[in-house]
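The residues making up each chain are set out below.
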Amino acid sequence: MKATLESLLAEALKRLQEAGVLPPDAAQRARLTRPRDKAHGDYATNVALALAKTAGTEPRELARRIVEALPAHPAVARVEIAGPGFINFFLDEGAHRSVILRVLEQGEAYGRSQLGAGRPVQVEFVSANPTGPLHVGHGRGAAYGATVANLLEAVGYRVHREYYVNDAGRQMDILATSVWLRYLELAGQDLEFPSNGYQGDYVWDIAATLHREHGEDYAVPVERVFAGIPPDAPEGDKEAHIDALIARAQALLGDIRYRYVFDLALTTILDDIRDDLEKFGVVYDEWYSERGLVERGLVMQAVERLRRAGHVYEHGNALWFRSSAFGDEKDRVVVRENGQFTYFASDIAYHMDKIERGYERLVDVWGADHHGYVPRVKAALAALGEDPERLDVLLVQFAVLWRGGRKVQMSTRSGEFVTLRQLRKEVGRDAARFFYVMRKAEQHLDFDLDLAKSRTADNPVYYIQYAHARVASVMHQLQARGWRFEPDRADLSRLTEPHEADLTAALGRYPELVESAALTHEPHLIAHYLRELAHQFHTYYNAHPFLVDDEALRNARLSLVLAVQQVIRNGLGLLGVCAPERM
RNA sequence: GCGCCCGUAGCUCAGCUGGAUAGAGCGUUGGCCUCCGGAGCCAAAGGUCAGAGGUUCGAAUCCUCUCGGGCGCGCCA
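The written sequence of each chain sets the order in which its residues are numbered from 1. Chains and ligands are labelled by the order in which they are written, letters from A for the one and numbers from 1 for the other. Local features are withheld for residues below a pLDDT of 70 in this predicted model, meaning they are given only at 70 or higher, and side-chain atom pairs are given and counted only at 80 or more; totals for whole chains, interfaces and linings count all residues. Side-chain metrics rest on all non-hydrogen atoms present in the structure, leaving aside hydrogens and water.

Peer 1: I'm lost on the overall build of chain A in this one. Help?
Peer 2: Starting at the N terminus, helices and strands are each numbered in turn, a helix being any DSSP run of H or I of at least four residues and a strand any DSSP run of E of at least two. Within chain A, the regular secondary structure consists of 20 helices and 14 strands. Over its C-alpha atoms, taken along the principal directions, chain A stretches across nearly 90 × 65 × 40 Å. Each residue is assigned to one of three classes by its accessible area relative to the maximum for its type, calculated with a 1.4 Å probe on protein chains only: buried under 20%, partly exposed between the two thresholds, exposed over 50%. Here chain A, with 583 residues, has 51% of them falling under the buried criterion. Throughout, a contact is declared for two residues whenever any of their heavy atoms are within 4.5 Å. In chain A, 71% of the contacts between residues at least 6 apart in sequence involve partners at least 24 apart. By element, 48% of the accessible surface of chain A is carried by carbon and sulfur atoms, the whole surface being about 26,900 Å². One finds the centroid of the 69 positive side-chain charges in chain A at a distance of 4 Å from the centroid of its 82 negative side-chain charges. Every accessible area reported is derived by Shrake-Rupley at a probe size of 1.4 Å, with residue values counting cover from the shown protein chains alone. Residues scored as positive are Lys and Arg, those scored as negative are Asp and Glu, and His as well as the terminal groups of each chain are ignored. To locate a charge, take NZ of a lysine, CZ of an arginine, CG of an aspartate or CD of a glutamate.

See the structure below:
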């Protein structure tokens, strides 16, 4: 509807352009908004105010001429000029009510559109290092990324959901070595576990698997492991200590056995992450391996491409990318002094590959602590001759958990962080998914565990789900009274109550809302809308009985209420939250 | 020091990308069930939109500065 009216408005502006009243680019300003106040119509535009100056006309006079030039449309009951020069559109009541039928006809499809025209978009999110279970910080990225992907899909993009698996870096070697050392302990040896190793219980679990399945096959006397290894912190350098241990593990185990431990750790953790996310309602199309990227030589090729384009130089035995020439604050190393590629180098290759796989737009969801990384990735795309604007990096701020009025302390170092799995177990998937996207992504999130768990009106998730379940309950009541829902007998013109008009208007707004939430990557809009819709429904429920004897009115009200239920279900679906029939 | 994000009711947050009288929830106070689930509803009180300038018909929204809070600024990932 909005689009239809906007094209009418554009047509009017075009006519005035041709008449020489307005400048050539005026038609592009044909935009409508939803006025806050119902008295200002269903849609309004400020074009007359915006263009009055360039047209050299009084705003109200210009508004009058625009209205005059406006083509007639059956859905538009009347158009008014108001205030300093706003043009307000009032829809015909029939057009208003037709939305109810549209919702019921389209069902799950209501709110979806073809705006994206099937253009391919890749959404990469979470991508946490597979060195341990996901924690609550990753949860927000997961909920947010998954919802953004759902939204883009809903408006017609072909969405590819991807998890970038950092299975090639030093952190993975630290993990593998940590597992092996724990294994040696399980094999009965005493040793000083490195301060920089992974401390979590899950490391013991993986070591136990290794020990159970392979006995002492991987055991080496601990003296040989630690002989000549530089001291750990605090006396020594913990980084040098762990690096030496990694090298020692590789030397003592040999390539094949080391790789086995490494892969055992990797697959165990990756399986855990995958399972965790699946139960969180997050499913990927692809788990993209960094190691695969390296092995296919793509990192080398990317660096080579930069070299050929003349954007790299050698300095201090390292190879630098001149990212400062493309808006970054300083240049970045891509090949280290020791000949190894940096993480950044594989990231360049990764983004290059994304583009070569044909995605028109790339969406990366990152933790806000990585914001400094954005300019260099965009710089790399620019240097490779790609448009950096094709990449949208969405930054998600941290979530702070609260329980009993106090912050929940988290510490990765001690291995005692709160995992996403624990969070799901405590508050449930629905509450977790909803709470994570309730706030704008760039807003710090206070996640109130007590509230998320509570089954009261304070809890927005239950409030919305309750509205959905209540409709289901009404339908059961209908049957209990020996009636059926007969949409053909509904007389929608009987819906004359203000509550009914408000609800109908809210239903009509939903498709525009999905569109704008998708394009601006703002799932919180959906969360807020659903709360509002649920509120309007509960109000209506309290004010008017639906199961009245008057058949035409009864079926009309049931139509409306079923349409509300459908939209709640659709909206919750986008957020990855269930819409229960009974609670 | 430089960069990014944030500052709106007692608390937690919206505010449709510059519009019309600033909006919710919680909390507070006072009401509503012989009636479709009270996990609900209604009403009241509550604001110098951090502060100061600027841009214009018009600013919570855009620009500059100041003050507060968070996060970054590795040949780590």
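So, next bit.
Peer 1: I would appreciate a short explanation of the nonpolar core in the present structure.
Peer 2: Each nonpolar core is a collection of buried residues, namely Ala, Val, Leu, Ile, Met, Phe, Trp, Tyr and Cys, held together in the definition by side-chain atoms within 4.5 Å. Counting residues in hydrophobic clusters, the biggest one holds 132 residues, and the most contacted among them are Trp180, Leu423, Tyr436 and Phe447. No other element matches the 17 residues that helix α9 (residues 238-279) contributes to this core. Ignoring sequence-local partners within four residues, the contact set of leucine 423 consists of Val136, Leu401, Gly428, Ala432, Tyr436, Phe447 and Leu449.

Peer 1: What exactly am I supposed to notice about the packing of helix α6 (residues 170-186) against helix α7 (residues 201-214) here?
Peer 2: Angles shown run from 0 to 180 degrees and are taken between the N-to-C directions of axes, each axis being a line fitted to C-alpha atoms and, for helices, limited to the stretch in contact. Put simply, α6 and α7 touch, their axes get as near as 8 Å, and they point 60° apart. As the angle between them shows, α6 and α7 are arranged oblique. Note that α6 runs across α7; the crossing there is right-handed. In this structure, α6 uses Leu175, Ser178, Val179, Arg182, Tyr183, Glu185 and Leu186 to contact α7, whose residues at the interface are Tyr202, Val203, Trp204, Ile206, Ala207, Ala208, Leu210, His211 and His214. Following the grouping adopted for this structure description, the nonpolar residues are Ala, Val, Leu, Ile, Met, Phe, Trp, Tyr, Cys and Pro, the charged ones are Asp, Glu, Lys and Arg, and the polar ones are all others, Gly among them. Per-class residue counts for the contact of α6 with α7 are 11 nonpolar, 3 polar and 2 charged. Reported orientations rely on four angle classes, namely roughly parallel under 35 degrees, roughly antiparallel over 145, roughly perpendicular from 65 to 115, and oblique for the rest. In a left-handed crossing the near helix is turned counterclockwise from the far helix by less than a right angle, and in a right-handed crossing that turn is clockwise.

Peer 1: Mind showing me how you'd approach the packing of aromatic side chains here?
Peer 2: Where two aromatic rings form a pair, the distance of their centres and the angle of their planes describe that pair. We call Phe, Tyr and Trp rings a pair once their centres come within 6.5 Å, taking the six-membered ring for Trp, and we label the pair stacked below 30 degrees between planes, edge-to-face above 60, and tilted otherwise. Scanning the entire structure with this criterion turns up 25 aromatic pairs. Relative to phenylalanine 262, the ring of tyrosine 258 lies with its centre 6.3 Å away and its plane at 50°, an arrangement referred to as tilted. Linking tyrosine 258 with phenylalanine 262, this pair stays in helix α9, spanning 4 residues, or about one helical turn. Side by side, tyrosine 258 and phenylalanine 262 carry an identical accessibility label, which is buried. Taken together, the ring pairs in this structure connect Phe321, Phe326, Tyr343, Phe344, Trp366 and Tyr373 into an aromatic cluster. Here the basic side chain of arginine 554 rests over the ring of tryptophan 483, its NZ or CZ set 3.9 Å away from the ring centre. Only when the NZ atom of a Lys or the CZ atom of an Arg is both within 6 Å of the ring centre and within 35 degrees of the ring normal do we say a charge sits over the ring.

Peer 1: Is there a simple way to think about the environment of aspartate 448 in this case?
Peer 2: Here aspartate 448 is to be found in strand β14 (residues 445-448). On the accessibility criterion, aspartate 448 (30% relative accessible area) is partly exposed. Residues aspartate 448 and leucine 210, spaced 238 residues apart in sequence, show a C-alpha to C-alpha distance of 39 Å. Leave out the neighbours within four places in its chain, and aspartate 448 touches Trp402 and Phe435. For the purposes of these results, a polar contact is taken to be a pair of N or O atoms within 3.5 Å, where, inside protein, one atom must be able to donate a hydrogen and its partner to accept one; residues adjacent in sequence count only when each atom of the pair is a side-chain atom. A polar atom in the side chain of aspartate 448 sits 3.0 Å from the backbone nitrogen of aspartate 450.

Peer 1: I tried to follow the confidence of the model for chain A on my own but got confused; where do I start?
Peer 2: Keep in mind that low pLDDT regions are not for reading the predicted coordinates in detail. Per-residue confidence from the predictor is reported as pLDDT, which spans 0 to 100. Summary statistics for chain A give a mean pLDDT of 92 and a share of 98% for residues scoring 70 or more. Predicted complex metrics record ipTM = 0.94 and pTM = 0.94.

Peer 1: Help me understand helix α4 (residues 93-106), please; the structure alone is not making it clear to me.
Peer 2: Think of an α-helix as 3.6 residues a turn; residues three or four steps apart then line up on the same face. If you check α4, its first and last C-alpha atoms are 21 Å apart, about what 14 residues at 1.5 Å a residue would give, namely 20 Å. Buried within α4 we find Arg97, Val99, Ile100 and Val103. Structurally, α4 contributes buried residues whose contacts are with α18 (498-519) and α20 (551-575). For α4, the N-terminal cap is aspartate 92; the gap from its side-chain oxygen to the backbone nitrogen of glycine 94 is 2.9 Å. With its phi angle positive at about 55°, glycine 107 sits one or two positions after the end of α4. To estimate how far a helix should extend, the number of its residues minus one is multiplied by 1.5 Å.

Peer 1: Any chance you could explain the pattern of salt bridges here in plain terms?
Peer 2: Side chains that differ in sign of charge can pair as their charged atoms come close. The working definition used for a salt bridge is a side-chain nitrogen of Lys or Arg within 4 Å of a carboxyl oxygen of Asp or Glu. Summed over the entire model, instances satisfying the criterion amount to 36 salt bridges. Between glutamate 80 and arginine 78 there is a salt bridge, with its nearest N and O atoms 2.9 Å apart. Residue classification places arginine 78 among the partly exposed residues on the basis of a relative accessible area of 42%. Its salt-bridge partner being glutamate 162, residue arginine 357 comes within 2.8 Å of it at the nearest N-O pair. Here the residue arginine 357 occupies a position in the loop between α12 (343-356) and β10 (361-367), and glutamate 162 occupies one in strand β5 (residues 158-165), the gap between them amounting to 195 residues. What you see here is one network of salt bridges that share partners, running through Glu162, Glu286, Asp353 and Arg357.

Peer 1: Just checking my understanding: could you explain α6 for this structure?
Peer 2: With 17 residues, α6 should cover 24 Å at 1.5 Å per step; its first-to-last C-alpha distance of 24 Å lies within 8% of that length. By the criterion of burial, α6 is predominantly enclosed, with 13 of the 17 residues buried. Glycine 188, located one to two residues past α6, shows a positive phi value of around 95°.

Peer 1: Would you mind showing me how to read the sheet that holds strand β9 (residues 332-335) here?
Peer 2: In a beta sheet, neighbouring strands are held together by backbone hydrogen bonds and run either parallel or antiparallel to one another. DSSP calls a pair of strands paired once it identifies at least 2 bridges connecting them. The strand order across the open sheet formed by 3 strands is β7-β8-β9, and the pairing between neighbours is antiparallel. The outermost strands of the open sheet, each flanked by one partner alone, are β7 (312-315) and β9. Between one strand axis and the next, the sheet turns by 45° as a mean value, whatever way the strands run. Examined bridge by bridge, strand β8 (residues 318-321) and β9 share 3 bridges and lie antiparallel to one another. Paired with phenylalanine 321 across the strands is arginine 332, a residue of β9.

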